[in-house]
Amino acid sequence: MDYSRIQDSVNMGIIKNSHIVVVGAGGSYSLVTSLARCGVGTLTVLDFDTVEETNIVRQGYKISDIGNYKVDALGKEVASINPEVSYIGITKNFLDMDDEELDTIFKQADLLLFLTDSFQAQAFGNIIALKYNKPAIWSGWYAQSRTAELFFQVPDYTTACFRCAASSRYKANEQEEVKITSNCNTIFHSQLLDSLIGMMSLAILHRKTNTMDVKTMNEYELFWDSLVSKGGTTPYNFYQFKAHPMGGNNLFNKAYSHFGKHSGVFMSYWQNAEAELKIHGYDYDCPDCKGTLHHAVNNSNP
């Protein structure tokens, strides 16, 4: 593969030696194939669903893939794009795996991506990321696919876990199961969000490079450095954006007054999701991380 055109953006040594685990092979089709184009060394994808006719119009799969496991169809596409990539497709539900199986998949990974429409799976992903102390990304669409979110946690950099950032979702799920629908989600929605997840993934993989001079940083080193700089001691780790002029998320509706006549344009919003600690007005620490991410970051940044 000729990576010469992207070498100003990425460190190919880092990319080729990286192992990314993706939970969910539906809307992430273009993400996984794009990571393969970038030369990511190892891609492990988990999904027990098979390709259905409704997947063809919005997930990149082909008619000939119908009836096959998504991870198998995706693996064939990855191999046709970049045979240098090591691809592993797993059709077992990771919620049903024992510790030995989980260790085999997650222990040596460099980045975890939880991209399912199951709240239970997304919540278990937080347990996994904390257990193995791994960087992780969660992402998805809101109602009518008008707005979307991307949250990431990175040990030693971010103070909040996914449960801290989505605590209201957890509380709502205690009353009634949170169900996410993919209605209104076209192939353009999938590709748009996949691109943002991919860019954030590459930025996270470049966080530990030794480059100190901004003038010699590649684009993804600069991307990560900008997140840390803007967030202060911790990065801006929660990103929400509009993909529709009407929005649909209260965050953007409240922001309308600040934008006046420009309120109908596409907008994005970076923020720092903080740990759910008593000092922030809560009467308990997060049940998952118990504030450990917060204390670890603050102890390393006195």
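Because the structure is predicted, anything quoted here is derived from the model rather than measured.

Calculation criteria
- Residues numbered from 1 in each chain as written.
- Predicted model: local features only at pLDDT ≥ 70, side-chain atom pairs only at ≥ 80, totals over all residues.
- Heavy atoms only, no water.
- Salt bridge = Lys/Arg side-chain N within 4 Å of Asp/Glu carboxyl O.
- Helix = DSSP H or I, 4+ residues; strand = E, 2+ residues; numbered from the N terminus.
- Buried < 20%, exposed > 50% of the residue type's maximum accessible area, 1.4 Å probe, protein only.
- pLDDT = per-residue confidence, 0-100.
- Contact = heavy atoms within 4.5 Å.
- Pairing = 2+ DSSP bridges.
- Right-handed = clockwise from strand over helix to strand, strands pointing away.

Peer 1: Could you give me a rundown of the pattern of salt bridges, with the residues and numbers involved?
Peer 2: Applying the stated criterion across every chain yields a total of five salt bridges. The shortest N-O distance in the salt bridge between Arg169 and Glu149 comes to 2.9 Å. You can see Arg169 sitting in helix α8 (residues 167-175) and its partner Glu149 sitting in strand β6 (residues 147-153), a full 20 residues away along the chain. Owing to a relative accessible area of 6%, Glu149 belongs among the buried residues under this scheme. A salt bridge links Arg163 to Asp288; the shortest N-O distance between them is 3.1 Å. With Arg163 in helix α7 (residues 162-165) and Asp288 in the loop between β8 (268-271) and α12 (292-300), this pair connects stretches of sequence that are 125 residues apart.

Peer 1: So what's going on with the confidence of the model for the protein? Which residues, and what values?
Peer 2: This prediction gives the protein a mean pLDDT of 86; 83% of its residues lie at or above 70. Across residues 255-266, confidence stays below pLDDT 50; counting only partners more than four residues off in sequence or on other chains, it has 15 contacts.

Peer 1: Account for unusual backbone geometry, naming residues and giving values.
Peer 2: Of note, the phi angle at Asn133 is positive, near 55°, even though the residue is not glycine. Relative to the helices and strands, Asn133 resides in the loop between α6 (119-132) and β5 (136-141). If you check the backbone angles, Lys290 has positive phi at about 55° while not being a glycine. You can see Lys290 is positioned in the loop between β8 and α12. Residue classification places Lys290 among the exposed positions, given a relative accessible area of 54%.

Peer 1: Now, about the pairing of strand β4 (residues 111-114): what can you tell me, with residues and values included?
Peer 2: The two faces of β4 match: Leu111 and Leu113 on one face and Leu112 and Phe114 on the other face are all buried. Two strands pair when backbone bridges link them, and strand β1 (residues 19-23) and β4 are joined in this way by four bridges, in the parallel orientation. In the sheet register, Ile20 faces β4, and the bridge partner there is Leu111. As judged from the three bridges shared by β4 and β5, these two strands associate in the parallel manner. Bridge assignment links Leu113 to a residue of β5, and that residue is Ile137. Handedness of the crossover joining β4 and β5 through α6: right-handed.

Peer 1: An account of the side chain of Ser28 is requested, with residue identities and associated values reported.
Peer 2: The residue Ser28 is located in the loop between β1 and α2 (29-37) in this model. Accessibility expressed as a relative area gives 2% for Ser28, which makes it buried. Ignoring anything within four residues of it in the chain, the contact list for Ser28 reads Val22, Leu115 and Asp194.

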